[in-house]
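Here is what each chain is made of, one letter per residue.
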Amino acid sequence: MTKTALLPARLRDPAPGRPGTARRVLRFLAVAACLPYISLKIAWVAGGEIGIPAGSPLLDDRELMAAVNAISVVMDAAVVVLVLLLTQGWGRRVPAWLLAFPMWVAAGLLAPIMIGFPAQTVVGLLSGPEPAGSREPFLDEWVFGTVYGGFIVQGVALGTLFALYARDRWGHVWRGTLGDLPARFSGAGVRVTAVTATLVALVPTTVHVLWAAGSTTGLPTSRITQRDGDFFVLEGLRLLFLALAVAFVLALALQWGRSASVRTVLGLGWVGSGGVGCWGGYLLLVTFLPETDPAKQATGLMRLTYAGEMITGFLLAGCLAVFLRRRSAGA
């Protein structure tokens, strides 16, 4: 008799095999949703201007645009690799950390889009069309619908596949309630890190509250003159993800709400910390791209805010990683 056979059925890894119909459909949807974005980016890398109107700042530095778009192609192609990993037998043999980190990044980048783009669409419909010429040309409107619509499908399909995969392979890690957890699953180090991340989060939280309330402190001139419904939706979204990340990782680390499900707290902390850390890091990187127009140059407060979000997200993700490692070892 093998050691695996001695384990309770719920702790065994299912035997690798051909994915079921539902997973094959989700795999097809996720891969198909990547194609419009990848196709556009490849066209732009090759020098095409499809979807880019005349006068767009994207045409100012073609070499930089090509480099950035090439990185974007690689990142979205990684989604295809993740989808295959989650639906093929060999994917069960991948080390946990090698799968968990890119899935955390994917969740962090896609979840805000899945909430923010529909919210922006609704706000746009309610506020009516913008006056002609009120905004600098950037991309044709159909590009946003095509790209962000594809991201939403990717998020739903990839998230569902990962949930099914994680349930089969690691379902024992998040069973029970917070009250069932021994104190050792958090530990002093995790608690201190979670509290430190919370203190760091006070900086970006304060700034986003000010911007959402109408303050222009720390905003470049171009951003001030083009504040609209989309701007305020995004500020609210940043605050939402900061609240999710801090509240649920703190709850896990300090075992608040002892009747709360570990699965719910862990899932919301996972998505929240990813949204804060990954978007904070992305926006921080964008502020360092070359910009010759003084009205568009990022301010020091913007960089401090985005850096605070990135640090907060990664510290909270570290708390989750330690918890998962200890819980897995304990099981």
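Quick note: structure is the one above.
The shown structure was predicted, so the numbers you read here are calculated from the model rather than taken from an experiment. (Residues numbered from 1 in each chain as written. Predicted model: local features only at pLDDT ≥ 70, side-chain atom pairs only at ≥ 80, totals over all residues. Heavy atoms only, no water.)

**Some words on the overall build of the protein chain**
Note the following rule: Here a strand is any run of E in DSSP of at least two residues, a helix any run of H or I of at least four, and the numbering for each starts at the N terminus. When we talk radius of gyration, it's over C-alpha atoms, and the globule rule is simply 2.2 Å times the number of residues to the 0.38. When accessible area is computed with a 1.4 Å probe and restricted to protein chains, residues below 20% of their type maximum are described as buried, those above 50% as exposed, and intermediate ones as partly exposed. Contact between two residues is taken to exist if any of their heavy atoms lie within 4.5 Å; hydrogens are not considered.
A count of helices and strands for the protein chain gives 10 helices and 0 strands. Taken from the N to the C terminus, the helices and strands of the protein chain come in the order α-α-α-α-α-α-α-α-α-α. The C-alpha radius of gyration computed for the protein chain amounts to 22 Å, which stays within 12% of the reference 20 Å derived for 331 residues, consistent with globular compactness. With the principal axes as the frame, the protein chain shows a C-alpha extent of 70 × 45 × 35 Å. For the protein chain, the residues scored as buried account for 38% of the 331 residues in total. Of all intrachain contacts in the protein chain linking residues separated by at least 6 positions in sequence, the fraction that spans at least 24 positions is 84%.

**So, the side chain of lysine 41**
The criterion, for reference: In this charge count, Lys and Arg are treated as positive and Asp and Glu as negative; neither His nor the chain ends contribute. When a carboxyl oxygen of Asp or Glu lies within 4 Å of a side-chain nitrogen of Lys or Arg, that pair is called a salt bridge. Within 3.5 Å is the distance limit for a polar contact, defined as a pair of N or O atoms, with the added protein rule that one can donate a hydrogen and the other accept it, and that residues adjacent in sequence qualify only through two side-chain atoms.
Here lysine 41 shows up in helix H2 (residues 21-45). Buried charge lysine 41 goes without a salt bridge, the closest partner of opposite sign being aspartate 76 at 9.5 Å. At 2.8 Å, the side chain of lysine 41 forms a polar contact with the side chain of asparagine 69.

**Overview of the packing of helix H4 (residues 96-127) against helix H5 (residues 141-170)**
Our working rule: Fitting a line to C-alpha atoms yields each axis, with helices limited to the stretch in contact; the angle taken between N-to-C directions then spans 0 to 180 degrees. In these notes the angle categories are as follows: under 35 degrees is roughly parallel, over 145 is roughly antiparallel, 65 to 115 is roughly perpendicular, and the rest is oblique. A clockwise turn of the near helix away from the far one marks a right-handed crossing, whereas an anticlockwise turn of less than a right angle marks a left-handed crossing. All residues other than Ala, Val, Leu, Ile, Met, Phe, Trp, Tyr, Cys, Pro, Asp, Glu, Lys and Arg, Gly among them, are scored as polar; the first ten of these are nonpolar and the last four charged.
Relative orientation of the contacting elements H4 and H5 amounts to 140 degrees, with a least axis distance of 9 Å. Between H4 and H5, the angle is such that the two are oblique. Read as a crossing pair, H4 and H5 show a hand that is left-handed. Taken together, the residues of the contact of H4 with H5 break down into 18 nonpolar, 3 polar and 1 charged.

**Here we look at the side chain of glutamate 309**
When you line up the elements, glutamate 309 lands in helix H10 (residues 300-330). Owing to a relative accessible area of 0%, glutamate 309 belongs among the buried residues under this scheme. If sequence neighbours within four positions are ignored, glutamate 309 has contacts with Pro204, His208, Arg238, Leu242, Val276, Gly277 and Gly280.

**Some points on the pattern of salt bridges**
Scanning the entire structure with this criterion turns up 5 salt bridges. For arginine 238, the salt bridge is made with glutamate 309, and the minimal N-O distance between the two is 3.0 Å. Taken together, the residues arginine 238 in helix H8 (residues 229-254) and glutamate 309 in helix H10 connect sequence positions 71 residues apart.

**Brief notes about helix H9 (residues 262-287)**
To be explicit about the condition: Here the expected span of a helix is defined as 1.5 Å times the quantity of residues minus one.
Here H9 contains 26 residues, and its C-alpha end-to-end distance of 37 Å stays within 8% of the 38 Å for a straight helix at 1.5 Å per residue. Structurally, the start of H9 carries an N-cap: the backbone nitrogen of arginine 263 is 3.2 Å from a side-chain oxygen of serine 261.

**Concerning the packing of aromatic side chains**
Threshold: Pairing of aromatic rings covers Phe, Tyr and the six-membered ring of Trp, with a centre-to-centre limit of 6.5 Å; geometry is then stacked below 30 degrees between planes, edge-to-face above 60, and tilted otherwise. By definition here, charges over rings are those cases where NZ of Lys or CZ of Arg is within 6 Å of the ring centre and within 35 degrees of the ring normal.
With the rule as written, the count across this model stands at 10 aromatic pairs. A ring pair is formed by phenylalanine 231 and phenylalanine 232, whose centres lie 5.1 Å apart and whose planes are at 90 degrees; its orientation type is edge-to-face. The exposure class of phenylalanine 231 is buried, given its relative accessible area of 7%. One aromatic cluster is present, formed by Tyr37, Phe117, Phe144, Tyr148 and Phe151 through successive ring pairs. Sitting over the face of the ring of phenylalanine 288, arginine 303 holds its NZ or CZ atom 4.3 Å from the ring centroid.

**Remarks on the nonpolar core**
Heads up, the condition is: Remark: nonpolar core denotes a set of buried residues (Ala, Val, Leu, Ile, Met, Phe, Trp, Tyr, Cys) joined through side-chain atoms within 4.5 Å.
Within the largest apolar cluster, 64 residues are counted, with the highest numbers of intra-cluster contacts made by Leu86, Leu99, Met103, Leu158, Phe162 and Leu252. Residue assignment for this core shows that the elements contributing at least two residues are H2, helix H3 (62-87), H4, H5, helix H6 (187-212), H8, H9 and H10. The residues contacting phenylalanine 162, other than those within four sequence positions of it, are Leu86, Leu99, Met103, Trp170 and Trp270. In this structure, Val207, Leu219, Met302 and Ala307 belong to the second largest nonpolar core, which totals 8 residues.

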